[in-house]
Amino acid sequence: MPAGGFSVSAPSGVEFEAKITPIVIISCIMAATGGLMFGYDVGISGGVTSMDDFLGKFFPAVLRKKLEDKESNYCKYDNQPLQLFTSSLYLAGLTATFFASYTTRRLGRRLTMLVAGVFFIVGVIFNGAAQNLAMLIVGRILLGCGVGFANQAVPLFLSEIAPTRIRGGLNILFQLNVTIGILFANLVNYGTSKIHPWGWRLSLSLAGIPAALLTLGALFVTDTPNSLIERGRLDEGKAVLKRIRGTDNVEPEFNEIVEASRVAQEVKHPFRNLLQRRNRPQLVIAVLLQIFQQFTGINAIMFYAPVLFNTLGFKSDASLYSAVITGAVNVLSTLVSVYSVDRVGRRMLLLEAGVQMFLSQVAIAIVLGIKVTDHSDNLGHGWAIMVVVMVCTFVSSFAWSWGPLGWLIPSETFPLETRSAGQSVTVCVNLLFTFVIAQAFLSMLCHLKYAIFVFFSAWVLVMSLFVLFFLPETKNVPIEEMTERVWKQHWFWKRYMDDDNHHIVNGKLTGASV
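Residues numbered from 1 in each chain as written. Predicted model: local features only at pLDDT ≥ 70, side-chain atom pairs only at ≥ 80, totals over all residues. Heavy atoms only, no water.

As recorded in an unreviewed UniProt entry, the protein goes by the name Sugar transport protein 13, listed as coming from Zea mays. The Sequence similarities (unreviewed entry) comment attached to the protein in UniProt states, word for word, "Belongs to the major facilitator superfamily. Sugar transporter (TC 2.A.1.1) family." Database annotation for the protein, UniProt heading Subcellular location (unreviewed entry): "Membrane". (UniProt positions renumbered as here; feature names shortened; annotations may be inferred.)

Peer 1: Explanation requested: the overall build of the protein in the structure shown.
Peer 2: Across its full length, the protein carries 24 helices and two strands. In terms of overall dimensions, the protein has C-alpha extents of about 75 × 45 × 40 Å along its principal axes. Sequence separation of 24 or more characterises 81% of the internal contacts of the protein that already satisfy a separation of 6 or more. For the protein, the accessible surface area stands at approximately 18400 Å², while carbon and sulfur atoms represent 67% of it. Across the protein, 41 positive and 34 negative side-chain charges occur, with their mean positions spaced 3 Å apart. (Helix = DSSP H or I, 4+ residues; strand = E, 2+ residues; numbered from the N terminus. Contact = heavy atoms within 4.5 Å. Areas by Shrake-Rupley, 256 points an atom, 1.4 Å probe, with all protein chains shown as cover. Lys, Arg positive; Asp, Glu negative; His and termini not counted. Charge placed at Lys NZ, Arg CZ, Asp CG, Glu CD.)

Peer 1: How should the packing of aromatic side chains be read in this particular structure?
Peer 2: What characterises a pair of aromatic rings is the spacing of the ring centres plus the angle enclosed by the ring planes. In total, this model carries 23 aromatic pairs according to the counting rule given. A centroid spacing of 5.2 Å and a plane angle of 85° characterise the contact between phenylalanine 58 and tryptophan 200, whose relative ring orientation is edge-to-face. Here the residue phenylalanine 58 occupies a position in helix α3 (residues 52-58), and tryptophan 200 occupies one in helix α9 (residues 199-205), the gap between them amounting to 142 residues. Exposure remark for phenylalanine 58: the relative accessible area of 8% places this residue in the buried category. Judged by relative accessible area, tryptophan 200 falls into the buried class, the value being 2%. Between the NZ or CZ atom of lysine 238 and the centre of the ring of phenylalanine 254, over which it lies, the distance is 5.0 Å. (Phe/Tyr/Trp six-rings, centres within 6.5 Å; stacked < 30°, edge-to-face > 60°. Buried < 20%, exposed > 50% of the residue type's maximum accessible area, 1.4 Å probe, protein only. Lys NZ or Arg CZ within 6 Å of the ring centre and 35° of its normal.)

Peer 1: What am I meant to see in the environment of leucine 320 here?
Peer 2: The topology assignment puts leucine 320 in helix α18 (residues 316-340). Separated by 166 residues in the primary sequence, leucine 320 and valine 154 place their C-alpha atoms 30 Å from one another. If we ignore the near neighbours within four places in the chain, the residues touching leucine 320 are Gly47, Ser50, Asn189, Tyr190, Ser193 and Pro306.

Peer 1: What exactly am I supposed to notice about the environment of serine 319 here?
Peer 2: Summarising the element assignment, serine 319 is placed in helix α18. Those residues in contact with serine 319 that sit more than four places away from it in its chain are Pro306, Phe309, Asn310 and Phe314.

Peer 1: Sorry, what's going on with the packing of helix α2 (residues 33-48) against helix α5 (residues 80-106) here?
Peer 2: When two helices pack together, their arrangement is given by the angle between the helix axes and by the axis-to-axis distance. Two numbers describe how α2 lies on α5: the axes approach to 10 Å, and their chain directions differ by 160°. When the interaxial angle is binned, α2 and α5 end up roughly antiparallel. Judged by the sense of rotation from one axis to the other, the crossing of α2 with α5 is left-handed. Seen from α2, the contacting residues are Phe38, Asp41, Val42 and Ser45; seen from α5, they are Phe85, Thr86, Leu89 and Tyr90. Broken down by class, the residue content of the contact of α2 with α5 amounts to five nonpolar, two polar and one charged. (Axes fitted to C-alpha atoms, helices over the stretch in contact; angles between N-to-C directions. Parallel < 35°, antiparallel > 145°, perpendicular 65-115°, else oblique. Left-handed = near helix turned anticlockwise from the far one by under 90°. Nonpolar A, V, L, I, M, F, W, Y, C, P; charged D, E, K, R; others polar.)

Peer 1: I tried to follow unusual backbone geometry on my own but got confused; where do I start?
Peer 2: For residues besides glycine, phi is generally negative; the peptide bonds are generally trans as well. The amide bond that connects histidine 196 to the next residue, proline 197, takes the cis arrangement and shows omega of 0°. Positionally, proline 197 belongs in the loop between α8 (167-192) and α9. Even without being a glycine, lysine 449 presents a positive backbone phi close to 55°. Mapped onto the elements, lysine 449 comes out in the loop between α22 (416-448) and α23 (451-470). Here asparagine 476, not a glycine, exhibits a phi torsion of approximately 60°, which is positive. Within the fold, asparagine 476 resides in the loop between α23 and α24 (482-485). Assessed through its relative accessible area of 33%, asparagine 476 is described here as partly exposed.

Peer 1: In this structure, what is going on with the side chain of asparagine 430? I would like to understand it.
Peer 2: Mapped onto the elements, asparagine 430 comes out in helix α22. Note on asparagine 430: relative accessible area 1%, which makes it buried. Excluding residues that lie within four positions of it along the chain, asparagine 430 makes contacts with Gln290, Gln293, Gln294 and Trp407.

Peer 1: What's the story with the environment of lysine 194 in this structure? I'm lost.
Peer 2: Relative to the helices and strands, lysine 194 resides in the loop between α8 and α9. With relative accessibility at 44%, the residue lysine 194 sits in the partly exposed group. Considering only alpha carbons, one finds lysine 194 and methionine 51, 143 residues apart in sequence, at a separation of 9.3 Å.

Peer 1: Teacher, can you tell me more about the state of the cysteines here?
Peer 2: In protein chemistry, a disulfide is the covalent bond that joins the sulfur atoms of two cysteines. What the rule picks out here adds up to one disulfide. Each sulfur of the disulfide joining cysteine 75 and cysteine 446 lies 1.9 Å from the other. The disulfide joining cysteine 75 to cysteine 446 has a torsion of about 90° about its S-S bond and is therefore right-handed. Of this pair, cysteine 75 sits in the loop between α4 (60-67) and α5 while cysteine 446 sits in helix α22, placing them 371 residues apart in sequence. By relative accessible area, which is 10% here, cysteine 446 ends up buried. There is no disulfide at cysteine 428, and the cysteine sulfur nearest it, in cysteine 145, is 13 Å away. (Disulfide = S-S within 2.5 Å.)

Peer 1: Please clarify how the pattern of salt bridges should be interpreted in this entry.
Peer 2: Pairs can form between side chains of opposite charge once their charged atoms are near each other. Enumeration according to the criterion identifies 12 salt bridges in this entry. One salt bridge connects arginine 231 with aspartate 223, and the closest N-O pair in it is separated by 2.8 Å. For aspartate 223, a relative accessible area of 8% corresponds to the buried category. Here glutamate 412 makes a salt bridge to arginine 346, at a shortest N to O gap of 2.9 Å. Of this pair, glutamate 412 sits in helix α21 (residues 402-413) while arginine 346 sits in helix α19 (residues 346-371); the two residues are 66 residues apart in sequence, bridging distant segments of the chain. (Salt bridge = Lys/Arg side-chain N within 4 Å of Asp/Glu carboxyl O.)

What follows is the structure in structure tokens.
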């Protein structure tokens, strides 16, 4: 099926003419600021929840447990309302993504990003001015709505506007901005932790910077040719296609997109169509990638990095400083993915990272099992450095693999008629399991103690086996040729690609029932 607006190829497999134009680069950078906002939200909560001023105002019971020596090191932060502060964002995002699917399809990618920016700005105002827990949670819910809309629209926008040969690298700009947002949040927390008693307000309020960038970006970027053509604005879509391709020779590609749009319009129930047999490989892979991404344990570490390091006996400043280090590693390692994803391929990055993540988490579990008891004073300088190094090793491998590729692969494998619905399911599943991990991690840490890293490493082993046997390579394959060149060639998924599974009846596309 034709792609969403990036360098589509002729049926013969010859790429259509397309230059890497400044408008493509600028539009992608501006759109990817949605990732900056998402990353800041992920990173800021862990640092804020480790600040005594914040805990004293909203979670005094947690502060008392933190200051008492009687409580187990692993259980000081085990508090459901505190976890709800972090996780409510993702539950709201899960709900919002269903509405975002409609706006992305009917109103366009650009307008959906604008709606996300407005939600972010209002949520920041509520959080920065919060006087009670209710205001705090409302602010997080509004931020979650922004996350739902941004995560729906931005990856689609990036996949549809980028030329095929750099599609992976440009799409990973979203994930790169997520990591920059996390680093920015850790740096802010490190500075505001010394400002009493309102430093936490500054941390939460500075989220307004990426929120404003996303909103301004959405005002100035152009919508994708696919989105415009899909909504019947053919002349405008053709003009935009010429601008982003840097050539007037766009007629073959334009015709491909128009035909794809015609087929997509005949699909009246995209979610129902998503369940049909021929779409099952893309759906299964998209869902499992989101589940696996969360069960690497990455969000547990990135949400609660300062809290985690505090638990291990680091002092407050040292825990925030260590979180900054892991944030910087996260950014630099994502750059590795931007460079290598279209060179070495998706599978190689995922498999290599699986080995690295497994070994580093097992090492962390062994150190904690030996050195951190319920009431030990601290980890010891040498062991503490080793834990930070192992956490950085884990974060780096995730950042060039499961982090960006968990979003990239689903966005480039769904055909146009199910792409919006497929992206909605992808975001929904991701946010559902992000919510589960965010809500459960501190309780799991209390009950499992060091074995929580054994739990996550076992998942890493399972997901690496899945990649080895079931995930096909999609490097440099135009989206409209995925069926012929990827799914029909795969040893397992080809059984779902029987041509008899879909055909035209009375001018309408039909499909086999599930």
